[in-house]
Amino acid sequence: MSLAGYSLATLGKLFAAAGGVLVVLYILKLRRRRFEVPFSKLWQRVLEEKESTSLFRRLKRLLSLLLQLALVALLVLALGDPFTGDRQAEGRHIVLVLDTSASMRALDLDGQSRFVKARKQADELLAALSPNDAVLVLRTDGQTAAPSWGADAKQVQAIVGSMQPTDVPADMRRVLRAAADALRGRKKPELIIIGDGAYEQDELDAVDWGGAAAGAVAASRPVTEPAAATAGVAGATAASKPAATPAKRLDAIDLGGVKVHYLAVGDRKDNIGIVEFNVRRYLANKLSFEIFLEIQNFSDQDAEVQVELVAGGETIDVKTVSVPRHDKVRQIYPNRSGVGHFLEARLSRAPAKPGAATNVEKDTPLDAFALDDRAFALLPSRAKESVLVVTEGNMFLEGALMLDENIEVFKIEPGGWAAAAADPSIANFAAVVFDGYTPATLPARGNFIFIAPSGPGSPFAIAGETERPFMTEINKSHPILRWVTVADVNISRSAVFTPGPGDIVLASNIRQPIMMARREKTRRLMALGFDVRQSDLPMRVAWPVLLINTLDWFAGDDAELMTTFHTGKLWRIPFDTAKASATLVEPDGAEVHAAVAEGRVTVLGRRVGFHTVKGDDQTPVQIAANLADPVESDITPHGELTMAGVKLSAPPPASRLELPSAIWLYLLLAVLALTLVEWTTYSRRVTV
Amino acid sequence: MLARAEKAGKRQLFDDEFLKKLEYLYIVSKKVFAGRIRAERRTRKVGAGIEFADHRKYSAGDDFRYIDWNIYGRLDRLLLRLFEEQEDLHIYILLDASVSMRIGDPVKLDYASKIAAALCYIGLANLDRVSIIPFSAQLHREQLPSARGKARIFKVFDFLSGIEPEGQTSLEASLKTFVAQTKRRGMAVVISDFYDPKGYEEGLNFLRYNKFEPFVVQIYDEKEVNPPLSGDLTLVDCETGELREVTVSARLLQKYREAHETFCNELDEFCTKRAMPFFRTHTGRPFDELVLSIFRAGGFLK
């Protein structure tokens, strides 16, 4: 037996001091109550008889003293916190992963959600833990539910009790990595996963059981291969490893030496959900758009569902769609226009066919998992744009702009620019195009296109001029050059720019930039180094597309396909602000502060629905977010979980019922028992 | 009477109600011994009376007039005729006024005083001579001299109310002094708890040996038999001041009760064997009940 508390020497001193005080107190006579009697001789007679047994009485007194010394000894020993050799004072280190993914919102046959059941299981597990065990609770998005390891079961239970399921899919790779990091170097490491097992298998297979340490792990649970189970610890480990992975993966998660257990929850698997929902404007007519919807049936039966499209609060389409079992159905809604920006797709139970018998009520939920029965999309606002063209006359330019019916073109002579620039209404133009004219100064705000700029007023420094250039290096990833082919454009001559800090080179003629763009805090600029009339560019389809792309880039609409965001992913939302942070308002009104970098708000998406990004100096931006994760929508519960070839088992029942190993507790119980004996014998006058 | 006692700072023991009870007891005593003639209670003293009592042998110097010549004629023996001497009966109430008598609820001394008053009243009413002698280690200086006639009862009340308990009990010393100081023999009623460390035997025997008619009344309090004690205590003897440490348990209390019972039985046996009327009572018993039992037992009323 060893001591985890005070040392033996300290305990000896403590016992000597306490025992000494006890003996002194025992020797000191009690201050007795005085009682007046009329005839003490009678008492003398009685006591004389009693004193004949005084030896026995002295012995009883001694027994009482010994009893009290035993009490002190037990208390002092309890301070030492003794423990036996086979039961170490250090408890287990348990990482408890409670599945908070979206699929845990699914309702089971008894009407309870899977998460409620999982939480109950976690609660029971925590209640049965030894006082020496330390627990860290993780959610399936890899975030810790508590800042540190908790040894107080009640406290950890309270943390688990406050947890709620989220709208995000499980990210097991991140969870397992976090668990591996937390358990590294800890004694008696254990990992317990409580969930429905709706996880990506390749994420689970990222686990590496390690070398020799894996033996202990595999020994704690049965393995998949029966032959391996009988082949001993090392054999079981080797057999359980996937044969196809001879080399260690670089991104492997090291769980060597960690006991991993899995507690399954969930019993329903009927689910039909929207796995994709997007909307995009047509390139030619940005006032119209088309909607894309994908529905997947995860159940074992074919189903008919009613799909309802709602835009701006009004239903714009309702149809019944048949979805075969374990299959997908795609729906496209073309040429939609003239409705609000907020689009929502809803799945519901298809109305019964006339004459068909049904025992299902109308308002009955479609399936066990309601979260993916709704999807959201947002159409970026689009209004007619005004463009001011400062030119002496350029049909190619004006004609190309007029091709887009959403663009209203205004034209002035270069001589009138000074007056126009002084007019505050200049800020209302989406862009100003300087065609062969370069003003000395530019307004502080606005978007400007320069065609063949010249002189010192050029926004991009002109290094010289080149004859018959070709666009040899083209920045195709830039939105301005999307869907544009300019590699074979013939140009008579062009100015060559010198790129400055922050300048974007869009196209160059053998490292001589001839097309540039720049993004400033309050301005955006684009410049062509050549007069389009001295090239065949206006003869090409690329020319109007280039102009429209530029105008879109100015407007911040650099993605023609405005995809909805997916929960559980890192969202990078375009948001022009001078501030370093912005606020994301979630559908339920909760606010999340997020950092802004390079014109984008970066935040981890948590909720399904419409979100708003707010900043102090910027018009709010709205986005839509969906679960859109077929793995998460497949709510089929997994009673068994295989992790890197090893089947996980439930925590052994013995560990749940393990008695507290703290000996000091039993010592205190012994003290209590002895006190009761002393009290009983004293009150019955046995030891007095 | 109460007002007078209050003025004197004495105990208030006797009121009109008490007096009524005494009168009732007197009537009862008359019924018990109906037909007896007043003032004819006699002592056992043999002397110059009229009524024949006994014979004894003649010895030189005896008065020839009392020789029974008829006997001499028939038996040829000289025997002297003895006559009961008629005189007033003396009743001495010896009242224990030691410190141990102040214990009890009601206080033993108060209870004893009531018994003494009742017996006095009966005696006075029968025209006997009654005196009260308090004692503890010795006879108290304050004594009620011999009195006669019912009218003296108030003096008795007054005297009894003024007795203060003091000193240890010493029956032997007190009764020896009493015998030495009292020439006229008579009934000696000893009212006490008999808690005498030296014992009661010598004192009572001394009364007997000196031709007194001892009449023993033992008084105790219920709490003396069943003391409300438990735990570790220091017992203090109220008379001697002697200290005794004791841890009282239920078993010890039982032994004490047995010891007390033995003590009382020993006193009872001692008196019975010596033909001394003995009465034991606790203070919870109505005093008139005890007085009636004394009457019924006989001896006090002749």
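All of the points below concern the structure found in this document. (Residues numbered from 1 in each chain as written. Chains lettered and ligands numbered in written order. Predicted model: local features only at pLDDT ≥ 70, side-chain atom pairs only at ≥ 80, totals over all residues. Heavy atoms only, no water.)

1. Thoughts on the overall build of chain A
Okay, so step 1: The helix and strand inventory of chain A stands at 16 helices and 36 strands.
Okay, so step 2: Looking at chain A residue by residue over its 688 residues, the buried ones come to 46%.
Okay, so step 3: Taking all contacts inside chain A whose residues are at least 6 apart in sequence as the whole, residues at least 24 apart take part in 72%.
Okay, so step 4: Here chain A has roughly 33,800 Å² of accessible surface; of this, 56% comes from carbon and sulfur atoms. (Helix = DSSP H or I, 4+ residues; strand = E, 2+ residues; numbered from the N terminus. Buried < 20%, exposed > 50% of the residue type's maximum accessible area, 1.4 Å probe, protein only. Contact = heavy atoms within 4.5 Å. Areas by Shrake-Rupley, 256 points an atom, 1.4 Å probe, with all protein chains shown as cover.)

2. With respect to the interface of chain B and chain A
The parts lose accessible area when they come together, and the size of an interface is often stated as this lost area.
Okay, so step 1: At the interface, 36 residues of chain B touch 24 residues of chain A.
Okay, so step 2: Between chain B and chain A, a total of about 3,000 Å² is buried, with carbon and sulfur atoms accounting for 62% of that surface.
Okay, so step 3: For chain B, the biggest contributors to the area lost against chain A are B:Asp232, B:Arg244 and B:Tyr256; these three give 19% of the whole.
Okay, so step 4: Our count for the contact surface shared by chain B and chain A stands at one salt bridge.
Okay, so step 5: Its salt-bridge partner being B:Arg102, residue A:Glu36 comes within 3.3 Å of it at the nearest N-O pair.
Okay, so step 6: Taken together, chain B and chain A are joined by nine residue pairs in polar contact (both at pLDDT 80 or more).
Okay, so step 7: Looking at the side of chain B that touches chain A residue by residue, the classes come out as 18 nonpolar, seven polar and 11 charged.
Okay, so step 8: As paired strands, strand β2 (residues 33-37) of chain A and strand β8 (residues 231-237) of chain B are joined by five bridges and run parallel to one another. Bridge pairing in β8(B) places A:Val37 opposite B:Asp237. (Buried area = accessible area lost by both parts, 1.4 Å probe. Salt bridge = Lys/Arg side-chain N within 4 Å of Asp/Glu carboxyl O. Polar contact = N/O pair within 3.5 Å; in protein donor to acceptor, adjacent residues only side chain to side chain. Nonpolar A, V, L, I, M, F, W, Y, C, P; charged D, E, K, R; others polar. Pairing = 2+ DSSP bridges.)

3. What about the packing of aromatic side chains?
Okay, so step 1: This model, assessed by the stated rule, comprises 27 aromatic pairs over all chains.
Okay, so step 2: Taken together, the ring pairs in this structure connect A:Phe39, B:Phe194, B:Tyr195, B:Tyr200, B:Phe263 and B:Phe270 into an aromatic cluster.
Okay, so step 3: Just above the ring of A:Trp553 sits the side chain of A:Arg524; from NZ or CZ to the centre is 5.0 Å.
Okay, so step 4: For the cation-ring pair, B:Lys176 lies above B:Phe206, with the distance from its terminal atom to the ring centre recorded as 5.4 Å. (Phe/Tyr/Trp six-rings, centres within 6.5 Å; stacked < 30°, edge-to-face > 60°. Lys NZ or Arg CZ within 6 Å of the ring centre and 35° of its normal.)

4. Looking at the sheet that holds strand β9 (residues 259-264) of chain A
Adjacent strands of a sheet pair through backbone hydrogen bonds, lying either parallel or antiparallel.
Residues and elements named next belong to chain A.
Okay, so step 1: If you walk across this open sheet you meet the four strands as β5-β4-β6-β9, and the pairing is parallel. Edge positions in the open sheet fall to β5 (134-139) and β9, since each of these has one partner strand only. Strand-to-strand twist of the sheet, defined as the mean angle between neighbouring strand axes without regard to direction, takes the value 20°.
Okay, so step 2: When strand β4 (residues 93-98) meets strand β6 (residues 189-195), the two strands line up parallel, connected through six bridges. If you follow Leu98 over to β6, its bridge partner there is Ile194.
Okay, so step 3: This element, helix α4 (residues 114-127), spans β4, β5, β6 and β9 of the sheet and lies at about 165° to β4. (Axes fitted to C-alpha atoms, helices over the stretch in contact; angles between N-to-C directions.)

5. A closer look at the nonpolar core
All names here are of chain B.
Okay, so step 1: If you look at the biggest cluster of nonpolar residues, it comprises 50 residues, and the most contacted ones within it are Ile93, Val189, Ile191 and Phe300.
Okay, so step 2: Broken down by element, the residue count for this core peaks at 13 residues, all from helix α4 (residues 108-125).
Okay, so step 3: The contact partners of Ile93, leaving out residues within four places of it in the chain, are Ala116, Leu119, Cys120, Val130, Ser131, Ile132, Ile133, Val189 and Ile191. (Core = buried A, V, L, I, M, F, W, Y, C linked by side-chain atoms within 4.5 Å.)

6. With respect to helix α9 (residues 250-273) of chain B
Residues and elements named next belong to chain B.
Okay, so step 1: In this model α9 runs 34 Å from its N-terminal to its C-terminal C-alpha over 24 residues, within 8% of the 34 Å that 1.5 Å per residue would give.
Okay, so step 2: Along α9, the residues classified as buried are Leu252, Leu253, Tyr256, Ala259, His260, Phe263, Cys264, Leu267, Phe270 and Cys271.
Okay, so step 3: Ala275 sits one or two positions beyond α9 and adopts a positive phi of about 55°. (Expected span 1.5 Å × (residues − 1).)

7. Overview of the sheet that holds strand β20 (residues 446-451) of chain A
Residue and element names in this part refer to chain A.
Okay, so step 1: With mixed pairing, the eight strands of this open sheet are ordered in space as β18-β17-β19-β20-β26-β25-β24-β22. A strand with exactly one partner marks an edge of an open sheet, and here the two such strands are β18 (407-412) and β22 (473-474).
Okay, so step 2: Bridge count for β20 against strand β26 (residues 523-528) is six bridges, and the pairing is parallel. Among the inter-strand pairings, Ile449 is bridged to a residue of β26, identified as Met526.
Okay, so step 3: In the packing of helix α11 (residues 395-402) onto the sheet, the strands contacted are β17 (385-390), β18, β19 (431-435) and β20, and the crossing angle to β18 comes to about 155°.

8. Let's talk about a nonpolar patch on the surface
Residue and element names in this part refer to chain A.
Okay, so step 1: On the surface, a nonpolar cluster with roughly 880 Å² of combined accessible area is contributed by Leu75, Trp664, Leu665, Tyr666, Leu668, Leu669, Leu672, Leu676 and Trp679.
Okay, so step 2: When residues of the nonpolar patch are assigned to their parent elements, the largest contribution, eight residues, is made by helix α16 (residues 663-683).
Okay, so step 3: Mapped onto the elements of the fold, Leu672 is located in helix α16. (Patch = residues over 30% accessible without salt bridge, like charges linked within 9 Å, V, L, I, M, F, W, Y side chains within 5 Å.)

9. Focus: the pattern of salt bridges
Okay, so step 1: All chains considered together, the criterion is met by 41 salt bridges over all chains.
Okay, so step 2: B:Arg280 serves as the salt-bridge partner of B:Glu261, at 3.8 Å between the closest nitrogen and oxygen. In this pair, B:Glu261 sits in helix α9 while B:Arg280 sits in strand β10 (residues 278-282), placing the two residues 19 residues apart along the sequence.
Okay, so step 3: Under the relative-accessibility criterion, B:Glu261 is labelled partly exposed at 38%.
Okay, so step 4: Each of A:Asp108, A:Asp110, A:Arg114, A:Lys117, A:Asp196 and A:Asp267 takes part in salt bridges that share partners, so that together they form one network.

10. Quick word on the environment of A:Ile451
Residue and element names in this part refer to chain A.
Okay, so step 1: You can see Ile451 is positioned in strand β20.
Okay, so step 2: Between the C-alpha atom of Ile451 and that of Val532, which follows or precedes it by 81 residues, the distance is 7.5 Å.
Okay, so step 3: Residues in contact with Ile451, not counting those within four places in the same chain, are Leu397, Val433, Phe434, Asp435, Gly436, Leu528, Phe530, Asp531, Val532 and Trp543.

11. Description of unusual backbone geometry
Residue and element names in this part refer to chain B.
Okay, so step 1: That bond from Asp105 to Pro106 is cis: its omega, 0°, falls within 30 degrees of zero.
Okay, so step 2: Along the polypeptide, Pro106 turns up in the loop between β3 (90-96) and α4.
Okay, so step 3: The phi dihedral of Asp76 is positive, around 60°, even though this residue is not glycine.
Okay, so step 4: Note on placement: Asp76 falls in the loop between α3 (69-75) and β2 (79-84).
Okay, so step 5: Taking the relative accessible area as the measure of exposure, Asp76 reaches 56% and is therefore exposed.

12. Description of the packing of α4(A) against helix α5 (residues 153-161) of chain A
Residues and elements named next belong to chain A.
Okay, so step 1: Viewed as axis vectors pointing N to C, α4 and α5 meet at an angle of 175°, and their least axial separation amounts to 9 Å. When the axes of α4 and α5 are compared, the pair comes out roughly antiparallel. Residue-level contacts link Arg119, Ala122, Asp123, Leu126 and Ala127 of α4 to Ala153, Val156, Gln157, Val160 and Gly161 of α5. (Parallel < 35°, antiparallel > 145°, perpendicular 65-115°, else oblique.)

From the geometry alone we can't say anything about function, so treat these as descriptive.
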